[in-house]
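Structural overview for review
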Amino acid sequence: MQHKSPVKPLVIIPTYNERENVSRLIPAVLGEDSGLHVLVVDDESPDDTAGAVLESRKKYAGRVFLISRSGKLGLGRAYVDGFHWGLANGYDFLIEMDGDWSHNPRYLPKMLQLAKKTDFVVGSRYIPNGGTLNWGAGRRILSKFGSLYSRLILGVRIADFTGGFNGWSEEVLRKIDLNTLRSNGYSFQIELKYRANKLGFEHAEFPIIFDERRAGKSKMSGSIALEALWRVWGLRFFRNKVLRDKNSPSRSVETRTEPSDVRPAG
Ligand SMILES: Nc1nc2c(ncn2[C@@H]2O[C@H](COP(=O)(O)OP(=O)(O)OP(=O)(O)O)[C@@H](O)[C@H]2O)c(=O)[nH]1
Ligand SMILES: [Mg+2]
């Protein structure tokens with residue numbers, strides 16, 4: 001595939017109770033590159049994260065957008081809604097980013113630079129110079145094991161399979177049938193990367209240091225980690241066939257013009 005500089009990059013941040021984090025994160029993201037826009041996908045956070053986004057929107061009109069969903073519908077679904085919105089609104093490079101500062105905005109320029117050379121970019125904890133800060137041994141082992149387990153079972157050379165700081169060219173997302181993605185937690189990241197790889201897209205990994213969240217509480221649970229363990233086998237044995245059937249060049253995802261609950265920049 002021919003690569004070109006992203007003209008309209010979008011950073012998508014799913015949030016649930018990230019008010020304190022997000023009010024500082026949005027300016028930091030926008031400060032990294034004047035071409036960046038931010039879309040927050042919030043699930044009616046009880047701490048009124050949406051209110052903080054609307055405040056930022058006043059300050060950075062035209063660069064900050066919000067999708068407010070009714071109820072906590074999960075991380076994977078939040079990204080699918082964000083991707084649909086981004087594609088429908090002409091963005092050509094879509095970046096996934098946590099809203100708690102674990103993914104540092106200082107890596108965004110590197111991601112945009114790599115986007116010129118490849119189809120999708122993976123911020124990686126598990127290559128030289130990458131890593132995690134302030135994690136206990138248990139969590140480090142579990143996360144590393146999750147990526148190694150996925151790599152071995154799926155036979156794809158991606159060092160950080162479970163990580164969620166990734167950038168996607170619009171063509172990759174249009175070819176992946178977003179509406180049929182079934183995972184919602186960590187396995188969502190595995191499924192996206194696996195599908196993109198099986199569709200023949202190239203990727204680049206670059207090292208990131210993943211930090212512990214700054215404020216607020218984790219929403220991840222043991223069941224989300226377990227989902228990843230069993231879903232990898234489903235991908236391995238059933239997905240290949242689905243991908244073969246769907247891998248026609250003319251196929252693209254159905255994009256909605258405007259989610260009903262999007263509040264556009266004012
Ligand atoms: N919209 C939406 N966002 C979510 C949901 N679950 C988690 N998030 C957001 O997804 C991002 C990652 O979730 P975290 O709870 O930080 O998960 P984690 O990084 O594995 O866990 P910690 O290291 O403990 O922070 C954060 O920005 C969350 O606010 C959800 O159901 N809906
Ligand atoms: Mg986190």
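Treat the numbers as computed from the prediction; the structure is a model and nothing was measured.

Of all residues in the chain, 89% have pLDDT values of 70 or greater, and the mean over the chain is 88. In the model, residues 248–266 has pLDDT below 50 throughout and makes 36 contacts with residues more than four positions away in sequence or in other chains.

Before going further, it helps to examine the nonpolar core. Among the nonpolar cores identified, the biggest contains 61 residues, and Val11, Ile12, Val38, Leu39 and Leu94 are the most heavily contacted of them. A per-element tally of this core places helix H3 (residues 75–88) first, with seven residues. With residues up to four places along the chain from it excluded, the contact list for Leu94 reads Leu10, Ile12, Phe83, Gly86, Trp168, Glu170 and Leu173.

Positioned with a positive phi, Asn17 is a non-glycine residue whose angle comes to about 55 degrees. Within the secondary structure, Asn17 sits in the loop between strand S1 (9–15) and helix H1 (19–32). The class for Asn17 is buried, based on 21 C-beta atoms found within 10 Å. Despite not being glycine, Trp101 has its phi angle at roughly 80 degrees, a positive value. Residue classification places Trp101 among the buried positions, given that 20 C-beta atoms sit within 10 Å.

This paragraph deals with the environment of Met97. By the element assignment, Met97 lies in the loop between strand S4 (93–96) and helix H4 (108–115). Under the C-beta neighbour-count criterion, Met97 is labelled buried, with 25 such atoms within 10 Å. Residues Met97 and Phe165, 68 residues apart in the sequence, show an inter-C-alpha distance of 5.1 Å. The residues touching Met97, leaving out its near neighbours within four places in the chain, are Val11, Ile12, Ile13, His103 and Phe165.

Before going further, it helps to spend a moment on the environment of Glu212. Of note, Glu212 is situated in the loop between strand S9 (209–210) and helix H8 (222–246). Among the residues examined, Glu212 registers 14 C-beta atoms within 10 Å and is labelled partly exposed.

With that settled, consider helix H2 (residues 49–59). One full turn of an α-helix is made of 3.6 residues, so residues set three or four places apart face in the same direction. Taken as a whole, H2 has its buried residues at Thr49, Ala50, Ala52, Val53, Ser56 and Arg57. Each buried residue of H2 lies within a common arc of 155 degrees when the element is viewed along its axis, so the set occupies one face. Opposite the buried face of H2, by more than 90 degrees, sit the exposed residues Glu55, Lys58 and Lys59. Turning to H2, the residues buried within the fold contact S1, H1, strand S2 (37–42) and strand S3 (64–68).

Scoring rules and cut-offs
Residues numbered from 1 in each chain as written. Chains lettered and ligands numbered in written order. Predicted model: local features only at pLDDT ≥ 70, side-chain atom pairs only at ≥ 80, totals over all residues. pLDDT = per-residue confidence, 0-100. Contact = placed C-beta atoms within 7 Å. Core = buried A, V, L, I, M, F, W, Y, C linked by C-beta atoms within 7 Å. Buried ≥ 20, exposed ≤ 12 C-beta atoms within 10 Å, placed from the backbone. Helix = DSSP H or I, 4+ residues; strand = E, 2+ residues; numbered from the N terminus. Arc of directions from axis to C-beta.

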